[in-house]
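# Observations on chain architecture
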Amino acid sequence: MDGRKPGGERRATQVRGGALLAAGALAALVAGACGGRVVVDGFEPPPDGSDGSGGSWSSGDTASSAPQGSSGAGQGGSIGEGGAPPIPPLVKEEHDNVDIDGAVPVTIEPGTLGFTAVAEIMASSPSFEPIGIESIRGPDGRLLAADYTIAGTMAAFFNQGIGAAAVPQTGADASAPLAPGVYWIKLGNGGVGPLVEPVRLSVWHRRTLDGRFHGGKIDINAFIAGEAVSEQYMRRALLAAYEGYVGLGVGSINIRHLGSEWEFIDDELLPGLLEQTAGAPGRPALNVIAVTAFGGSIVQASGVTPAVPSVAVEHGTHLSGIVVTLYEEPSVDSFILRHELGHLAGLFHTTELDADFGDPLDDTEQCSNMRSRRERCPDFGNLMFPTGGDFSGTMTPQQTAIVRASALYRGIVEQGGGAAVPLPADADTPASGAPIAPPTPGEGARSFAPDRLASTAALPPHAAALLAGHFCGQSAARGADFDELLRAAGADADRLLAVGRDPGAPAYVRARALTAAGRAATRSSASARVIAELQALAADPRLPRRARLGAVEGVASASPAAARALAARLTADADGVVERMATRAAAR
């Protein structure tokens with residue numbers, strides 16, 4: 001029977017809140033910050049505690065209507081029609097040299113939508129030492145997070161060199177505005193020993209004049225690794241995914257290119273990839289990194305977000321963005337981008353693949369048995385369903401409120417107002433290139449849904465849905481194995497090969513099937529035949545690149561010796577990406 005989340009321990013995730021403080025409340029914030037330094041949207045308040053009304057503001061935003069939809073968009077009215085904000089939408093409160101043995105008081109003013117706490121080890125380069133938010137206590141004494149977790153979830157509020165948590169993140173706190181008063185935030189490093197480097201706590205407050213959401217703009221820095229995707233498709237996918245997302249609009253889109261060495265990413269390379277966002281323009285700004293494929297423990301993933309929440313207010317850290325592989329199937333790619341942004345903003349999976357765990361919200365349903373009931377789960381249509389569900393991407397009011405409370409976007413503080421200008425870049429980061437204006441979305445985009453995938457008709461329903469769905473890196477990081485799930489759903493090597501050969505199937509589905517066929521071959525008496533067919537498919541120039549890459553990975557998973565033979569066969573292949581991936585696979 002499906003119902004609400006059961007009790008029991010769950011590792012935690014993190015939410016992002018932002019808040020802005022009314023200009024008249026700045027002095028109170030400074031006084032209540034226990035020595036903390038306050039930066040208001042790129043300028044510091046005058047030493048006399050006045051409202052800083054001499055600060056420079058400009059909007060520059062054009063009118064944009066936010067369409068109403070199942071994702072909760074459109075409830076904030078028009079986006080960016082009015083003038084400059086009368087108060088700053090996002091305020092950074094900074095505490096240097098924080099003692100992890102004590103708690104830091106943070107004053108939350110009336111009208112605050114939420115706040116995000118970021119703990120960071122201050123070192124000359126990104127640190128790999130653990131740090132995070134050990135606990136958050138509310139004004140009423142209630143623990144909102146404890147022992148780096150929220151009960152019932154599956155992630156921790158710490159990471160390598162930087163950790164984040166936020167309020168709201170649970171159903172009890174998802175109403176706007178947030179309860180005002182003094183919150184107490186305690187940092188920690190998991191008890192691994194004394195800290196060598198100093199630690200900084202930054203708390204980002206998001207507010208509006210009346211404590212209600214009025215819209216804003218998401219600025220995006222898009223990074224393309226090698227030949228993962230074209231600039232044109234990247235822009236089109238970002239606009240399709242994020243224009244109107246929870247009532248927000250898309251601001252600037254900046255395109256950057258990374259070397260081909262970043263095309264293939266496993267869990268060990270992920271932190272270094274996120275460091276490549278250093279020097280990106282604008283804050284807050286969403287960093288989206290497109291790669292060709294994932295490997296290691298995150299093989300078969302469509303997207304990876306390093307923590308829940310991650311950060312859009314700092315670049316070059318181990319939490320600075322989301323990483324995706326785009327399939328050039330518009331409806332699927334839109335889902336991947338929105339789902340991963342949900343994690344970055346603080347949303348958990350409604351139900352984890354381990355069904356004892358899920359999100360801590362009151363208005364999302366949970367599936368009682370993910371393995372046997374997946375397509376009949378009550379949350380199958382939700383954006384945060386772990387396998388993509390039916391790609392409808394619905395969101396509940398509490399999910400929408402959490403994203404809106406995050407520090408993800410440039411906010412609007414009143415109905416009909418304009419969005420704030422971006423915060424300046426960090427002083428110690430290099431200047432960025434000029435922005436590239438987003439183009440008009442392309443026409444003729446194909447839509448796709450897994451229930452229309454005829455080639456999987458011979459597969460059991462669970463296996464077909466997995467092949468066509470989204471596999472989230474958050475699930476992989478918590479031990480879910482995509483190929484093990486396929487095997488449990490009844491997909492054997494021959495059925496998977498049949499999907500991989502089918503020219504009517506989307507290329508990414510063929511790729512997943514061929515990778516899984518290679519992994520299944522290790523348990524098959526016909527492994528030599530399966531490997532030989534995978535080698536032939538990998539070398540076939542008539543196949544889409546992604547399908548060939550899936551076959552390459554399938555060969556490498558089945559036999560290192562066969563992978564080396566395939567790499568030699570593909571030397572000087574006309575498709576340089578396939579050649580590079582085959583060489584890399586042979587070296588693993």
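Residues numbered from 1 in each chain as written. Predicted model: local features only at pLDDT ≥ 70, side-chain atom pairs only at ≥ 80, totals over all residues. Heavy atoms only, no water.

## Digging into the confidence of the model for the chain
In plain terms, the rule: Scored from 0 to 100, pLDDT reflects the predictor's confidence in each residue. The contact criterion used is simple: two residues touch if any of their non-hydrogen atoms lie within 4.5 Å.
Residues with a pLDDT of 70 or more make up 80% of the chain, whose mean pLDDT is 82. Every residue in residues 427-448 scores below 50 in pLDDT, and together they form 42 contacts with partners more than four places removed in sequence or on other chains.

## A short note on the environment of phenylalanine 482
How we decide: Strands here are runs of E lasting at least two residues and helices are runs of H or I lasting at least four, both read from the DSSP assignment and numbered beginning at the N terminus.
Here phenylalanine 482 lies in helix H9 (residues 482-488). Spatially, the C-alpha atoms of phenylalanine 482 and valine 299 are 7.9 Å apart, while their sequence positions differ by 183 residues. In this structure phenylalanine 482 touches Gln300, Leu466, Leu467, Phe471 and Arg512, once residues within four positions along its chain are discounted.

## Remarks on the packing of aromatic side chains
How we decide: Side-chain rings of Phe, Tyr and Trp (the six-membered ring for Trp) are treated as a pair once their centres are within 6.5 Å; stacked means planes under 30 degrees apart, edge-to-face means over 60, and tilted covers the remaining angles. Here's how the labels work: a residue is buried when its accessible area is under 20% of the maximum for its type, exposed when over 50%, partly exposed in between, all with a 1.4 Å probe on protein chains only. Charge-over-ring contacts are defined here by two conditions on Lys NZ or Arg CZ: a distance within 6 Å of the ring centre and an angle within 35 degrees of the ring normal.
Taken as a whole, this structure holds eight aromatic pairs when the rule is applied. Look at phenylalanine 471 and phenylalanine 482: their rings are 5.2 Å apart centre to centre, the planes differ by 55°, and that puts the pair in the tilted class. Of this pair, phenylalanine 471 sits in the loop between helix H7 (461-468) and helix H8 (473-477) while phenylalanine 482 sits in helix H9; the two residues are eleven residues apart in sequence, bridging distant segments of the chain. According to the relative accessible area criterion, phenylalanine 471 is buried, its value standing at 2%. Phenylalanine 482 gets classed as buried once you look at its relative accessible area, which sits at 3%. Its end group placed over the ring of tyrosine 409, arginine 206 keeps NZ or CZ at 3.7 Å from the ring centre.

## Things to note about the pairing of strand E12 (residues 249-258)
Just so we agree on the cut-off: We call a crossover right-handed when, viewed with the strands running away from us, the connection from the first strand over the helix to the second turns clockwise.
With seven of ten residues buried, E12 is to be regarded as a mostly interior element. At this point the chain moves from strand E11 (residues 216-225), through helix H2 (residues 231-242), to the parallel E12, and the crossover so formed is right-handed.

## Quick look at the nonpolar core
Our working definition: By convention a nonpolar core is built from buried Ala, Val, Leu, Ile, Met, Phe, Trp, Tyr and Cys residues, the set being connected through side-chain atoms within 4.5 Å.
Counting 121 residues, the largest nonpolar core has Met234 and Tyr242 as its most contacted members. At eight residues, helix H11 (residues 507-521) tops the list of elements feeding residues into this core. Non-local contacts of tyrosine 242, meaning those with residues more than four positions away in its chain, are made with Ile218, Ile220, Leu248, Val250, Leu286, Ile322, Leu337, Arg338 and Leu341. With 26 residues, the next largest nonpolar core counts Ile108, Ile121, Ile136 and Phe157 among its residues.

## Thoughts on the side chain of serine 127
Inspection of the secondary structure puts serine 127 in the loop between strand E4 (112-121) and strand E5 (130-137). Not counting residues up to four positions away in its chain, the partners in contact with serine 127 are Ile121, Gln160, Gly161 and His318.

## Focus on the pattern of salt bridges
The condition is simple: Salt bridges are defined as contacts in which a side-chain nitrogen from Lys or Arg sits within 4 Å of a carboxyl oxygen from Asp or Glu.
Counted under the stated rule, the structure contains 20 salt bridges. A salt bridge links glutamate 94 to lysine 92; the nearest nitrogen and oxygen atoms lie 2.7 Å apart. For the pair glutamate 94 and lysine 92, a shared accessibility class is recorded, and that class is buried. The partner of arginine 200 in a salt bridge is glutamate 120, and the shortest N-O contact between them spans 3.4 Å. Of this pair, arginine 200 sits in strand E10 (residues 199-207) while glutamate 120 sits in strand E4; the two residues are 80 residues apart in sequence, bridging distant segments of the chain. Accessibility assignment for this pair places arginine 200 and glutamate 120 in one class, buried. Several salt bridges converge on common partners, so that one network encompasses Glu227, Glu263, Arg545, Asp575 and Arg580.

## Description of helix H4 (residues 330-345)
Put simply, the rule is: Multiplying one less than the number of residues by 1.5 Å gives the expected span of a helix.
Taking 1.5 Å as the rise per residue, H4 with 16 residues should run 22 Å; its terminal C-alpha atoms sit 22 Å apart, in good agreement. Buried residues dominate H4, accounting for 14 of its 16 residues. Immediately beyond the C-terminal end of H4, within one or two residues, lies glycine 346, with a positive phi of roughly 120°.

## A few points about the environment of valine 299
Turning to its location among the elements, valine 299 is positioned in the loop between strand E15 (293-294) and strand E16 (303-304). Considered as a pair, valine 299 and aspartate 483 are 184 residues apart in the sequence and their alpha carbons are 9.2 Å apart.

## Structural notes on the state of the cysteines
The criterion, for reference: When the sulfur atoms of two cysteines come within 2.5 Å, that pair is taken as a disulfide.
Per the stated rule, a full pass over the model turns up one disulfide. Two residues, cysteine 367 and cysteine 377, share a disulfide whose sulfurs are 2.0 Å apart. Of note, the bridge from cysteine 367 to cysteine 377 carries an S-S torsion of about -65° and is left-handed in sense. Residue cysteine 367 is found in the loop between H4 and helix H5 (370-373), and its partner cysteine 377 is found in the loop between H5 and helix H6 (397-404); the two are separated by ten residues along the sequence. Judged by relative accessible area, cysteine 367 falls into the buried class, the value being 1%.

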